[in-house]
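Chain residues, written in single-letter form:
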Amino acid sequence: MEKDARPNWDNPMQFVLACVSYAVGLGNVWRFPYLCQMHGGGGFLIPYFIMLLVEGVPLFYLELAIGQKMRLGSIGAWTAISPYLGGVGLASVVTSLYLCLYYNVINAWSFWYLFNSFQSVLPWAVCPINANRTAPIEECEVASPTQYFFYRETLNISSTIEENGGIHTGQALCFLLTWVITYLCIVRGVQSTGKVVYFTATFPYVVLFIYLIRGFTLHGAVNGVKYMFTPKMDQLANPATWINAATQIFFSLGLGFGSLIAFSSYNQYNNNFERQAITVSLINSGTSIFASIVTFAIYGFKATVNYENCLERTRILLLNTFNLAEDTITLDNVLEWIKKLNATYPEQFNEIANDTGNCSLEQELATAVEGPGLAFIVYSEAITNMPLSQLWSVLYFIMLLLLGVGSMLGNITAIITPLRDFRVVSRISSELFNGLVCLFCLLLGLGFTTTSGNYWFTMFNDYGATFSLLFIVLIEVITVSYIYGIKRFEKDIEDMLGHRPNWYWKIMWVVISPLLLIVLFVFYIVNYIMGGTPTYQAWDKEQGKSVLTEYPAFGQVFIVLLLVSSVSCVPLTALYVFCRKRKHGKPLKQQHALSTVSA
């Protein structure tokens, strides 16, 4: 495909918004707050911003530079640098394919909740009545209305990954709708995406700002925000804090998928990607903090409500047990009365001791939840306690939907752009080819809408990308710094920007970033080996909670295939090129003669 025929963004703002829409995703809302909660609140921001400077921004810059210089997708870009490295781009495509297969399932859940929000009473606010209409359904009673709605109504989940009851029709229809919307957003490639990102990149901020105002008006919200910004500096001595900060930066910016290379390949040759890399990285991190403040305000509200409900139950129990006057015990002095009654009537108090509960606001705030559990259970439970809950529910799930769709645009572009660089594919119209890719992903992804689909979703989410992305980006930075050569890369950047990168970028690319990636890569392998048999959370309807369960043999084999399949593209492609050159009698010495690289 000729470079002159390659489409461009209408303006640099479209490119920036596309990167923001891609990078700012669900992880900013449901993973970063969890990590803050786990690793010392405000203290976690110290390793987070250090990792942003030494890993996030330099690698983001590097991928944008490669895409803009080569004006090719990931496969073509790395093949142009060296035919032996085409597998790096292929590995990115395979990883993005895995992500596309399951990521739209989250958007399907958002649609499901959105549609169910238009009811007089939110369906996850109360337990449904059993078939005899005598009492609530038992599974809902032992769990909670929000858990029941997610696990039973939304997922209709099986008890293990080995049980499969067929496709959930409602979820399958929502899944189909998400893919139709994805297709419409990319139907004409960058020309369509460039228009859509104006909305997907900006509207979530409007909703977050509205939620911020609403959140701070909620009872107890300040308890959550105070908890977030109270640093626990002892966590800085915990290696896991630094590892999690590094991996959060890594995945939040979307490094290694090929999306950034694809997006920047549609830039004008002299576009100032250096400034854009810094801007998008800071916007992404700022959004994580902004979303965390909103989340912790909601956390504070939910924790305070739960804490006060616990105190109220204890208050009534004490009044009834010791025949006290109604106004004797209040929420403010119930803890004092527990101590007083325990000292005065130890035997009588001992009979009800197990029923008083350990009411603790600190414990409620410390209960860390991430992923779908935060987005679809904790948040939805908090929404039910708000006045005009239907309005807040609609706003919240529209925001989740837009965050998910924005990320999907980058994920699907990472597949389509490299494939369209091939001469055979470039002859097919964008509408047809993009439709075929979406249809392919839709059909393969239907498995995630079965009753055991959530367990497969967890498997793909845990093992489909982490290992391969660390490997891909490590190869990328080593290739640019030591194989292609940092001096030549400097010249390429000077050719585009008019100046060479300063010492900070070079030190990061040559020394700091590779070392950090090696540490993360080794840590992941050691952690996987030392972790024993892989496990997942299986829903036990009898207990009304998730139970840690080992994957069966076929699940463990599939996990290994997920880990190996994308990474193996790198050595297999290099081997294929080597054998092909030997067969045709071509010299094996690498020729750095591509005008796109060494101009």
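- If you look the protein chain up in an unreviewed UniProt entry, it shows as Transporter from Acanthochromis polyacanthus.
- What UniProt records for the protein chain under Sequence similarities (unreviewed entry) is the sentence "Belongs to the sodium:neurotransmitter symporter (SNF) (TC 2.A.22) family."
- In the Subcellular location (unreviewed entry) part of its UniProt record, the protein chain is described as follows: "Membrane".

### Regarding the overall build of the protein chain
Then, number 1: Of the regular secondary structure elements, the protein chain holds 28 helices and two strands.
Then, number 2: Its C-alpha atoms give the protein chain a radius of gyration of 26 Å, near enough to 25 Å, the size a compact globule of 599 residues would have.
Then, number 3: A principal-axis box enclosing the C-alpha atoms of the protein chain has dimensions of 95 × 50 × 45 Å.
Then, number 4: Here the contacts in the protein chain between residues at least 6 apart in sequence split such that 82% fall between residues at least 24 apart.
Then, number 5: Within the structure as shown, the protein chain displays about 25300 Å² of accessible surface, and the carbon and sulfur contribution to it stands at 62%.
Then, number 6: Of the charged side chains in the protein chain, 34 are positive and 37 negative; the average position of the first set lies 18 Å away from that of the second.

### Considerations on the side chain of Asn 284
Then, number 1: Residue position: Asn 284 is located in helix 15 (residues 273-322).
Then, number 2: The class for Asn 284 is buried, based on a relative accessible area of 1%.
Then, number 3: Leaving out residues up to four positions away in the same chain, Asn 284 has contacts with Ala 23, Val 24, Asn 28, Ser 252 and Leu 253.

### Notes on the environment of Ile 338
Then, number 1: Topologically, Ile 338 is positioned in helix 16 (residues 334-344).
Then, number 2: Owing to a relative accessible area of 18%, Ile 338 belongs among the buried residues under this scheme.
Then, number 3: A C-alpha to C-alpha distance of 34 Å links Ile 338 and Trp 124, two positions 214 residues apart in sequence.

Each value, and the rule that gives it
Throughout this document, residue positions are counted from 1 along each chain, in the order its sequence is written. The predicted nature of this model means local features are confined to residues of pLDDT at least 70 and side-chain atom pairs, given and counted, to a pLDDT of 80 or more, with totals for whole chains, interfaces and linings taken over all residues. Excluding hydrogens and water, the side-chain figures rest on all heavy atoms present in the structure. UniProt positions are given in the numbering used here, feature names are shortened, and annotations may be inferred rather than shown by experiment. Helix and strand definitions here come from DSSP, where helices need a minimum of 4 consecutive H or I residues and strands a minimum of 2 consecutive E residues; each element is numbered from the N-terminal end. Only C-alpha atoms enter the radius of gyration; for comparison, a globular chain is expected to reach 2.2 Å times N to the power 0.38, where N is the number of residues. Only heavy atoms matter for contacts: two residues are in contact if any of them lie within 4.5 Å across the pair. Shrake-Rupley sampling with a 1.4 Å probe provides the accessible areas, and residues are treated as covered by the protein chains on show and by no other component. Positive: Lys, Arg. Negative: Asp, Glu. His and the chain ends are not part of the count. Lysine's charge is taken at NZ, arginine's at CZ, aspartate's at CG and glutamate's at CD. The classification of residues rests on relative accessible area computed with a 1.4 Å probe and restricted to protein chains. Under 20% of the type maximum is buried, over 50% is exposed, and intermediate values are partly exposed.

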